[in-house]
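# Residue-level structure breakdown
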Amino acid sequence: MTEVLLEAKAVSKRFGGVVALKNIDLVQHRGETLGMIGPNGSGKTTFVNLISGHTRLSSGSIAFDHVSLAGKNPSQVAKAGLTRTYQAVRVFGELTVRENVATALVDARVRLGAEAVDELADWLRISHRYEARAGGLTLMEQRQLELLMRLVQQPKLMMLDEPVGGLSSSEVRTMIGLLSELKSRCTVFVIEHTMKVIRELADKVVVLMAGEKLAEGSPTDILADQRVIDRYLGTADA
Amino acid sequence: MTQSFKTGGRIQGHSANLLLLAGFAIVAFVLPIALSGNRYLAFVAGVTMIHILWACGMNLLYGYTGLMPLMFAGIAGISAYTVVDLTANGWSFWLALPVGALAASITGTVLGLPSLRLKGFYFTLCSLVIQTVMTLGFIYFSGLTNGDTGFSQIPLPSLRGEPLSSLSYDLVLAAAAVLGVMVLIAIMRSTLGRRLIAIREDDELAAMLGINVTGYKMIAFFVGSLFAGVGGALYAPYIGFISPRSFDVLISMNIWLMVAFGGRGTIWGPVLGAALLAPLSFFLQEYYTIKDVLYGALIIAVIVLMPAGLLGSLGRTPRLPAAEIDAPVPRRSPK
Ligand SMILES: Nc1ncnc2c1ncn2[C@@H]1O[C@H](COP(=O)(O)OP(=O)(O)O)[C@@H](O)[C@H]1O
Ligand SMILES: [Mg+2]
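What this report covers is the structure whose coordinates are included nearby.

### A closer look at the overall build of chain B
Broken down by element type, chain B carries 14 helices and 2 strands. A compact globule built from 335 residues should have a C-alpha radius of gyration of about 20 Å, and chain B, at 20 Å, falls within 12% of that. Each of the three principal axes of chain B carries a C-alpha extent, and together these read 65 × 45 × 40 Å. Relative to its full complement of 335 residues, chain B shows a buried share of 51%. Total accessible area on chain B is roughly 15,200 Å²; 69% of this is exposed by carbon and sulfur atoms. Within chain B, one finds 19 positive and 13 negative side-chain charges whose respective centroids are separated by 13 Å.

### Focus on helix H3 (residues 72–88) of chain B
All names here are of chain B. End to end, H3 covers 25 Å across 17 residues, agreeing with the expected 24 Å (1.5 Å per residue, within 8%). Within H3, 13 of the 17 residues are buried, leaving the element largely enclosed by the surrounding structure. Gly90, located one to two residues past H3, shows a positive phi value of around 95°.

### A few points about the interface of chain A and chain B
Of the residues lining the interface, 38 residues belong to chain A; the matching set on chain B comes to 35 residues. Both faces considered, chain A and chain B share a buried interface measuring about 3,400 Å² in area, 58% of it formed by carbon and sulfur atoms. Together, A:Arg90, A:Phe92 and A:Glu94 form the three largest contributors to the area buried by chain A at its contact with chain B, with a combined 20%. Counting across the interface, chain A meets chain B through 3 salt bridges. A salt bridge links B:Glu204 to A:Arg90, with the nearest nitrogen and oxygen atoms 3.0 Å apart. Linking chain A with chain B are 10 residue pairs in polar contact (both at pLDDT 80 or more). When contributions to the side of chain A that touches chain B are tallied by element, the ones reaching two or more residues are helix H1 (44–52), helix H2 (74–79), strand S6 (82–84), helix H3 (97–106), helix H4 (114–123) and helix H5 (139–151) of chain A. A total of 8 residues in the side of chain A that touches chain B trace back to one element, the largest contributor, which is H3(A). A class-by-class count of the residues in the side of chain A that touches chain B yields 16 nonpolar, 11 polar and 11 charged.

### Re the side chain of B:Thr135
Relative to the elements of secondary structure, B:Thr135 occurs in helix H5 (residues 120–140). If we skip the residues at most four places from it in the chain, B:Thr135 touches B:Pro244, B:Phe247 and B:Asp248.

### What about a nonpolar patch on the surface?
A surface patch of nonpolar side chains, about 610 Å² in accessible area, is lined by B:Leu102, B:Ile106, B:Val110, B:Leu113, B:Leu116, B:Met218, B:Phe222 and B:Leu226. Along the chain, B:Leu113 turns up in the loop between helix H4 (93–111) and H5.

### Structural notes on the coordination of the magnesium ion (ligand 2)
Residues and elements named next belong to chain A. Within the first shell, the magnesium ion (ligand 2) binds the protein through Thr45 (OG1) and Gln87 (OE1), at distances of 2.0 to 2.1 Å. Taken together, the residues span a long stretch of sequence, with Thr45 in helix H1 and Gln87 in the loop between S6 and H3 at a distance of 42 residues. Given a relative accessible area of 12%, Thr45 falls into the buried group.

### Overview of the pattern of salt bridges
Residue and element names in this part refer to chain A. Counted according to the given criterion, the structure contains 21 salt bridges over all chains. Asp65 is the partner of Arg30 in a salt bridge, and the nearest nitrogen-oxygen pair spans 2.9 Å. Note that Arg30 is positioned in the loop between strand S2 (18–29) and strand S3 (34–37) and Asp65 in the loop between strand S4 (59–64) and strand S5 (67–68), a separation of 35 residues in sequence. For Arg30, a relative accessible area of 30% puts it in the partly exposed group.

### Re the packing of helix H12 (residues 268–283) of chain B against helix H13 (residues 288–304) of chain B
Residue and element names in this part refer to chain B. At a minimum axis distance of 10 Å, the contact between H12 and H13 shows a crossing angle of 155°. Relative to H13, H12 is oriented roughly antiparallel. Relative to H13, the crossing made by H12 is right-handed. Across from Leu277, Leu280 and Ser281 in H12, the residues of H13 making contact are Lys291, Leu294, Tyr295 and Leu298.

### Digging into the sheet that holds strand S8 (residues 187–192) of chain A
Residue and element names in this part refer to chain A. Taken together, the 6 strands give an open sheet; going across it, the order is S6-S7-S8-S3-S9-S10, and neighbouring strands pair in mixed fashion. A single partner strand is all that each edge strand has here, and the edge strands are S6 and strand S10 (212–217). With direction set aside, neighbouring strand axes in the sheet form an average angle of 15°. Relative to S8, strand S7 (residues 157–161) runs parallel, the two sharing 5 bridges.

### Brief notes about H5(B)
Residue and element names in this part refer to chain B. Relative to the 30 Å expected for 21 residues at 1.5 Å per residue, H5 spans 30 Å between its end C-alpha atoms, a close match to the ideal helical length. Every buried residue of H5 is accounted for by Gly120, Phe123, Thr124, Cys126, Ser127, Ile130, Gln131, Met134, Thr135, Gly137 and Phe138. Check the buried side of H5 and you find it contacts H3, H4, helix H6 (142–145), helix H10 (213–239) and helix H11 (249–262).

### Quick notes on the pairing of S2(A)
Residue and element names in this part refer to chain A. The pairing of strand S1 (residues 4–15) with S2 spans 8 bridges and is antiparallel. Counted as the bridge partner of Phe15 is Val18 from S2. Between S1 and the antiparallel strand that follows it, S2, lie 2 residues; Gly16 among them carries a positive phi value of about 60°.

### A word on the site of ligand 1
Around ligand 1 sit 12 residues in total, of which A:Gly41, A:Gly43, A:Lys44, A:Thr45 and A:Thr46 are the nearest. Near ligand 1, residues from chains A and B are present, making the site a shared one. Contact between ligand 1 and A:Gly41: an oxygen atom at 2.7 Å from a main-chain N or O atom of the residue. A distance of 2.7 Å is found between an oxygen atom of ligand 1 and a side-chain nitrogen or oxygen belonging to A:Thr45. Protein coverage of the free-state accessible area of ligand 1, which is 560 Å², stands at 70%. Among the residues making up the shell around ligand 1, the classes are represented as 3 nonpolar, 7 polar and 2 charged.

About the criteria used
Residues numbered from 1 in each chain as written. Chains lettered and ligands numbered in written order. Predicted model: local features only at pLDDT ≥ 70, side-chain atom pairs only at ≥ 80, totals over all residues. Heavy atoms only, no water. Helix = DSSP H or I, 4+ residues; strand = E, 2+ residues; numbered from the N terminus. Rg over C-alpha atoms; globule rule 2.2 N^0.38 Å. Buried < 20%, exposed > 50% of the residue type's maximum accessible area, 1.4 Å probe, protein only. Areas by Shrake-Rupley, 256 points an atom, 1.4 Å probe, with all protein chains shown as cover. Lys, Arg positive; Asp, Glu negative; His and termini not counted. Charge placed at Lys NZ, Arg CZ, Asp CG, Glu CD. Expected span 1.5 Å × (residues − 1). Contact = heavy atoms within 4.5 Å. Buried area = accessible area lost by both parts, 1.4 Å probe. Salt bridge = Lys/Arg side-chain N within 4 Å of Asp/Glu carboxyl O. Polar contact = N/O pair within 3.5 Å; in protein donor to acceptor, adjacent residues only side chain to side chain. Nonpolar A, V, L, I, M, F, W, Y, C, P; charged D, E, K, R; others polar. Patch = residues over 30% accessible without salt bridge, like charges linked within 9 Å, V, L, I, M, F, W, Y side chains within 5 Å. Donors = N, O, S within 2.8 Å, 3.2 Å for Na, K, Ca; no water. Axes fitted to C-alpha atoms, helices over the stretch in contact; angles between N-to-C directions. Parallel < 35°, antiparallel > 145°, perpendicular 65-115°, else oblique. Left-handed = near helix turned anticlockwise from the far one by under 90°. Pairing = 2+ DSSP bridges. Near = heavy atom within 4 Å.

Listed below in structure tokens is the structure:
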């Protein structure tokens, strides 16, 4: 657990006049589950967009697995073994689940055999839906498919942007179960805007507030941190 | 209830495709022989074969990759003019054809570059401008194109010194159409096909999955333009006459209509569309005002009533979203 997998140094992002992220330093080790929390608009999604190559940095640097991600586009980042999900679920809606998975396999970093795909699909409880059109799945099933499409690529790091957003409370339980098992398959970075999910999953928590890092520490430390309580956890948003 | 990833899927669909391909090949090769007594009908069939080839190329770009290139005819024209110029300078047609087709491919790849930035409707608009400029170019560079007048009395190619008979050339056109469909089937069975469909469906998600969107869009343009180019090269000696109007935006629209009417993103829809619409324009030639109205009405009908086209609407589920010309998205940021 000592090897650094992801390292962001003084990462900043401005959108015109809006400063979305200001001087974020962050280190994630291999195998360590990192949780990022913060109210809506605090810059969590922007942070993932910067790392996955969807958005360009204004300043700062990001290294993944000892290699700089500067100038890399999303497909190059994916090839390096870093994958992500979207806050609003995103699958190829007009294609079947099987076709979605097959598409994920085409340019995967490591090519997985059909048995291994089935094993993952069984674990995610989606293998009975192979022939279904992805757009017709429930939100929960789409999130399961999303995870399957990422996992067949054998990523080193998976960044999840609010993976339980929009799910019912029983589905949230199931998803938390899946995600805690996911930790044994790859390193996980998870964004949530409540402490509930993070507390169960994360080894380390980073709190964002209006684009700045407010605090960092173990979930218990964070829950006890007076600044965090005053400025975030004490508010209705958390 | 669990299924396996490997089994099932597209195997069934593929054997159906091969059967249809065999049927199509038989029809394509028998037709010129059966019609050899009637030169006019044989000619209509030959022109239809060229349009089937073009429709396959347009389908690769529009139907499968989600790019609507309205400069498609212009790209075919590049090849046609190249071939006519080279053969006039003593080249063998069979050597000029690959050169012309390659010229079209390279041109198409370069002219497709705006699609890397412009999405949906914006690229279509841009391609319309490109087509207009190409048409002007065909008029302007009269040293190469003979300007507005164009070239006439382009001879049929010869083989071993002997000019080909009309029937032999009809068979060449049939072979080109069959080969075009075969290549399209092969592409869509390959991982290239998967990548193109992924780009059509959601290019940002495709990139996230490691697909080199830029590279594969360029490959799509290269291959699609190759179809345009081979068709253009074959077209010139068959009609015997080319001018800037042979490759203007109306021709691009016609080819697009064949794809959209038949069913974009299916192998056989555009073939059917070309087989129905290419002869139609011959049979309506004398009523050209009706023809234009009919074509206009057909374009509207396809867009409004059956966006998935004939075969797309008959197929199991409508596989494609209603609007391909998507709403202008101001660089959607992933949320
Ligand atoms: N593409 C963009 N253009 C302009 N502003 C943006 C863009 N993306 C995000 N922002 C702004 O950046 C800030 C952080 O947003 P976001 O990262 O989505 O927050 P979170 O995911 O924590 O809710 C917000 O003020 C948002 O309006
Ligand atoms: Mg967000």
